[in-house]
Amino acid sequence: MSDTFDAIILGGGAAGLFCAAEAAKRGRDVCVLERAGAVGKKILISGGGRCNFTNIGAGPENYLSANPHFAKSALARYTARDFLDLVEKHGIAWHEKTLGQLFCDGSAKQIVQMLLDECDAAPGAVDIRCNQEIGDVSRAGDSFTVTTQHGNITAPKLVIATGGPSIPKMGASDFAYRLARQFGLKVVEPRPALVPLTLGGEDVLFRELSGVAAPVEASAAKGRFREAALFTHRGLSGPAILQASSYWTPGEPVTVNFLPDLPADWLLDAKRDRPRITMKAALREHLPDRLADTLSERLGVSTELGNAPDKALRAAQEKLARWTFRPNGTEGFAKAEVTIGGIATGELSSQTMEAKNVPGLFAIGEAVDVTGWLGGYNFQWAWASGHAAAQAL
Ligand code: FDA
């Protein structure tokens, strides 16, 4: 038995479902093959069950890729405002949580249902098949054939939308990369991103602060983020650290400014205004007590500030503004919200996501070497890249 469609989309996640709906709007008959028992599983768990479905400020500068220009075209042609219009058309109530991050008021289920409704309403047909074990994928002439346990499916267009390997216990795998390599496409070495960092060595003492959070500015390489950091029993997490983790490479430091809102000479000012105050008490005025105590022990100023030399206070100020952690690793794909790296953008058209050397083959979403910041940017890439490909299906 062989079914024939205009396009086969491998993966019924955010990018695959949206691409299917958009292609069907253009009258295409599309088959979505999903390995899991249901589509959109990552959407359902995203944003704590409320799905941070886009970021209203999403632009190319919020993405990491070996080619930072690649995402520009797709993001410009399908914007956060476009997706928000769709959400509103479906009567889904939403709110902005912080920093342009848009969430459902109700549940992430509404976003999955919206995508399914869009597929149903389109003039083309969308045939969604779950529990599919994909075997061989081959190309002969102008047509692709995908073998599943139920038979062969054939189409002139094939879209890889199977995501990245983050959270393998949800079924994530490196399938997209294996398939891309089969067709001769290069893959940028994938690594976990938006992931907690682990601490060892001298930093191990900070693990005793597990559960303590503070607003900080965290930096790694060119990434600098002002959000909350959280100490965990394995190391560092919280939005500021997750963001910095995408820019971090093993062996490099992560720098934390614990007091980004205070003036540079705040300790010298405190010494002048309140000479009897101790370092610990001064820090406790701005930071959670346990963190203040740990930091003050390590700053080596045990006297009242009035008795400490200016030089020592200056050094302490600088250290607090540039506290250097040397993570010994990350918590890996098991805890990574996304994957950095993936199918090399140089292999794809930035207009259509079609492989330059394999006509009819497309790659979209997280499978591609485009990775967004935390805060709705990754779904916006899934929608935008899915939309771009759909225009060419
Ligand atoms: P996605 O992973 O969504 O879909 C891929 C699909 O392919 C899956 O359904 C999978 O089962 C299927 N598949 C895999 N292998 C297959 C095979 N061999 N055969 C057939 N099907 C196969 N982003 C954001 O912007 N806002 C947020 O709030 C969050 N929150 C969040 C929370 C958590 C816990 C995680 C892990 C991730 C997020 N993200 C996020 C990231 C976001 O979920 C991610 O970027 C998108 O889901 C990527 O969409 P894709 O469609 O590319 O992959």
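Residues numbered from 1 in each chain as written. Predicted model: local features only at pLDDT ≥ 70, side-chain atom pairs only at ≥ 80, totals over all residues. Heavy atoms only, no water.

Draft legend 1. Expanded view of the pairing of strand β11 (residues 151–155). Relative to β11, strand β10 (residues 143–148) runs antiparallel, the two sharing 5 bridges. Considered in β11, the bridge of F144 is made with A155. If you look at the hairpin formed by β10 and β11, you'll find 2 residues sitting between the two strands. (Pairing = 2+ DSSP bridges. Helix = DSSP H or I, 4+ residues; strand = E, 2+ residues; numbered from the N terminus.)

Draft legend 2. Region of interest: the sheet that holds strand β15 (residues 213–220). Spatial ordering of the open sheet is given by β19-β18-β15-β16-β17-β14-β20, a layout of 7 strands whose pairing is antiparallel. The open sheet has two free edges, formed respectively by β19 (323–325) and β20 (329–330), since each of these has just one partner strand. In the sheet, β15 pairs with strand β18 (residues 254–257) via 3 bridges, with the strands oriented antiparallel. Looking across to β18, one finds that E217 is bridged to N257.

Draft legend 3. Seen up close, the UniProt feature "domain: RsdA/BaiN/AoA(So)-like insert" (unreviewed entry) in the chain. Residues given the UniProt feature "domain: RsdA/BaiN/AoA(So)-like insert" (unreviewed entry) here are residues 191–338. For residues 191–338, helix accounts for 30% and strand for 24%, while the C-alpha atoms at its two ends are 9 Å apart. (UniProt positions renumbered as here; feature names shortened; annotations may be inferred.)

Draft legend 4. Quick peek at helix α4 (residues 80–89). What α4 keeps buried is the set A80, F83, L84, L86 and V87. Here the buried residues of α4 occupy an arc of 155° about the axis, which is enough to place them on one side. As for α4, its buried residues are in contact with α1 (14–25), β4 (52–55), β6 (94–96), β7 (101–104), α5 (109–121) and α12 (377–390). One or two positions beyond α4, positive phi appears at G91, with a value near 65°. (Buried < 20%, exposed > 50% of the residue type's maximum accessible area, 1.4 Å probe, protein only. Arc of directions from axis to C-beta. Contact = heavy atoms within 4.5 Å.)

Draft legend 5. A look at the packing of α1 against α12. At their nearest, the axes of α1 and α12 sit 8 Å apart, and the two run at 35° to each other. When you trace α1 past α12, the crossing you get is right-handed. On the side of α1, the interface is formed by A14, A15, F18, C19, E22 and A23, while α12 contributes F379, A382, W383, G386, H387, A389 and A390. Counted by class, the contact of α1 with α12 contains 10 nonpolar, 2 polar and 1 charged residues. (Axes fitted to C-alpha atoms, helices over the stretch in contact; angles between N-to-C directions. Left-handed = near helix turned anticlockwise from the far one by under 90°. Nonpolar A, V, L, I, M, F, W, Y, C, P; charged D, E, K, R; others polar.)

Draft legend 6. Region of the structure containing the confidence of the model for the chain. Residues at a pLDDT of 70 or more form 99% of the chain, whose mean pLDDT is 97. For this predicted complex, the interface score ipTM comes out at 0.99, alongside a pTM of 0.97. (pLDDT = per-residue confidence, 0-100.)

Draft legend 7. Spatial organisation of the packing of helix α10 (residues 289–299) against helix α11 (residues 310–321). Close contact between α10 and α11 brings their axes to 11 Å; oriented N to C, the two are set at 130°. The angle between α10 and α11 places the two elements in the oblique class. Read as a crossing pair, α10 and α11 show a hand that is right-handed. Contacts between α10 and α11 involve L295, R298 and L299 on the former and, on the latter, A316, K319 and L320. Residues of the contact of α10 with α11, tallied by class, amount to 4 nonpolar, no polar and 2 charged. (Parallel < 35°, antiparallel > 145°, perpendicular 65-115°, else oblique.)

Draft legend 8. How the structure looks around the UniProt feature "domain: RsdA/BaiN/AoA(So)-like Rossmann fold-like" (unreviewed entry) in the chain. Feature annotation in UniProt assigns "domain: RsdA/BaiN/AoA(So)-like Rossmann fold-like" (unreviewed entry) to the following positions: residues 6–391. Helix makes up 29% of residues 6–391 and strand 25%, whereas the separation of the span's terminal C-alpha atoms amounts to 13 Å.

Draft legend 9. Representation of the domain arrangement of the chain. Domain assignment breaks the chain into domain 1 (2–191 + 340–390) and domain 2 (197–330). Inter-centroid distance (C-alpha atoms) of domain 1 to domain 2 is 39 Å. In this complex, domain 1 contributes 6 residues to the contact, which on the side of domain 2 involves 10 residues. Taking both sides of the interface into account, the surface hidden between domain 1 and domain 2 amounts to around 680 Å²; carbon and sulfur atoms contribute 57%. Sorting the residues of domain 1 by area buried against domain 2 places R191, W373 and L374 first, and these three jointly supply 61% of that buried surface. The interface formed by domain 1 and domain 2 contains 0 salt bridges. In this assembly, domain 1 and domain 2 are joined by 3 residue pairs in polar contact (both at pLDDT 80 or more). The class makeup of the residues in the side of domain 1 that touches domain 2 is 5 nonpolar, no polar and 1 charged. (Domains from an automatic or database assignment. Buried area = accessible area lost by both parts, 1.4 Å probe. Salt bridge = Lys/Arg side-chain N within 4 Å of Asp/Glu carboxyl O. Polar contact = N/O pair within 3.5 Å; in protein donor to acceptor, adjacent residues only side chain to side chain.)

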